[in-house]
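One-letter residues, chain by chain:
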Amino acid sequence: MSAVYIIVNIAIMLLLIYGLYVMQKKHISFSKRVFTALGAGIIFGFALQFIYGSGSEVIAESAEWFNLAGGGYVRFLQMIVMPLVFISILAAFTKLKLTNNIGKISTLILGILVGTTAIAAAVGITAALGFDLEAVQITQGEAESARAEQLEQRYGEIQDRTFPQQILVLLPANPFLDFTGARPTSTISVVIFAAFLGIAYLGVKRKTPEHAELFARIVDSFYSIIMRVVTLILRLTPYGVLAIMAKTAATSDLDSILNLGKFVVASYAALIVMFLIHLLLLILAGLNPVTYMKKAFPVLAFAFTSRTSAGALPLNIKTQRSLGVSEGIANFSGSFGLTIGQNGCAGIYPAMLAVMIAPTVGIDPLSPSFLLSVIAIVAISSFGVAGVGGGATFAALLVLSALNLPVGLAGLLISIEPLIDMGRTAVNVSGSMTSGILTSRLTGDIDTAAYNDAANKIEAEA
């Protein structure tokens, strides 16, 4: 009889997918379709849990079928990440108009990314202390214990590394290996490799411009093809979000989520404050924050629902272009923001965990020396955090290990991880775009007319 129920569940999922397809044919906006998919997935998933009960075999098998759409979508995003990052960095060099100021531009972008991550760490610390969060408040079940074992095993791979060795790991000894994503730091290694090629291109451009021109045309051709592939994948976003949210809602432990409600509220309070800080920085730069919010909504909505900063890169770059940022700076800030200074995953999250876990080993989380150490280590450790799922976990491992805190306790929030990760990803992307806009403003390269033009906005090609 269970097979019949599974078939019915799959049929309902197919009907929902067809409904999204009809919305696409009626040219309903991408953002509305994504949020419709998000809502429908959550409602359908919770309905399945209410009907069949938590832990039901019917739900488990139905979720496996749903994962063909959800998991397949995520795999397509992972497929394009490395080629996208590589070609975006190269294109940044070939498209950058201010070649004489390339060092200044890179320094400004990196400085803003790392600086805002340090601010994000302070915000995370404040949220954890303000909401009185402690790891001992969380009941450790089977899922949490299993997650703790995984983290401790992963920690074993990096615990014996000195700080200079951790920096050395970022460098691409074998870029072809890093293109496979084999290492946690593969993304930053690909960025560094692409940057070397870009610098070499600038040298060739000065000496033999005809060779550089040919290379630039080849890069532009590859860039166009890769962006077209990304567009094809983006068209699958509503369907992927529907399946992912249905599976997540159907298989979630509602009791654990309710028990951890305070941690969810504290996390989103910190994320909202960090987003407001982005807007404040734009105000200080003399730019209208309302205009930014209106134009950034599609890409932030995509980041929120898809939970991938890397997948949001094309929309990130297009949004910056609509805000008057030059294509070169937009490519730089978007690509660097995937691996450096992620305000949500590498800033707020590990800082909150550090403050929560500190009392379990007898450390006073209010100690000024401890708080300053957390902020400094979070900022430094934000280099090399991947922009696809798992980046926050890697950032937490680096920070907790550097502070000599038990990394296994980071697994205590596994039940609410997907829920919090949506907000973290949106803040990551906002931080990346803010760095590009501020850099353009500081270099005098921003097109303020394009920034203020309400009609000059993007909508996902989907």
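All of the points below concern the structure found in this document. (Residues numbered from 1 in each chain as written. Predicted model: local features only at pLDDT ≥ 70, side-chain atom pairs only at ≥ 80, totals over all residues. Heavy atoms only, no water.)

## Quick look at the environment of N404
Mapped onto the fold, N404 is located in the loop between α18 (391-402) and α19 (417-442). Since its relative accessible area comes to 66%, N404 is described here as exposed. Along the backbone, N404 and A358 are 46 residues apart, and their C-alpha atoms lie at a distance of 9.4 Å. (Helix = DSSP H or I, 4+ residues; strand = E, 2+ residues; numbered from the N terminus. Buried < 20%, exposed > 50% of the residue type's maximum accessible area, 1.4 Å probe, protein only.)

## Focus: the nonpolar core
With 72 residues, the main nonpolar core has F93, Y292, F332, I437 and Y451 as its most contacted residues. At 14 residues, helix α3 (residues 57-95) tops the list of elements feeding residues into this core. Aside from chain neighbours lying at most four places away, what touches F93 is I102, A194, A195, G198, I199, Y201, L202 and F332. A120, A128, A266 and I348 belong to the second largest nonpolar core, which has 39 residues in total. (Core = buried A, V, L, I, M, F, W, Y, C linked by side-chain atoms within 4.5 Å. Contact = heavy atoms within 4.5 Å.)

## Notes on the pattern of salt bridges
Where side chains of opposite charge bring their charged atoms close, a pairing between them can arise. Within the structure shown, the criterion is met by two salt bridges. A salt bridge links E213 to R217, with the nearest nitrogen and oxygen atoms 3.3 Å apart. Taken together, the residues span about one helical turn, with E213 and R217 both in helix α9 (residues 209-234) at a distance of four residues. Here R217 falls in the partly exposed class, since its relative accessible area comes to 47%. For the salt bridge of R424 with D421, the shortest nitrogen-to-oxygen distance reads 2.8 Å. You can see R424 and its partner D421 sitting in helix α19, three residues apart, about one turn around the helix. (Salt bridge = Lys/Arg side-chain N within 4 Å of Asp/Glu carboxyl O.)

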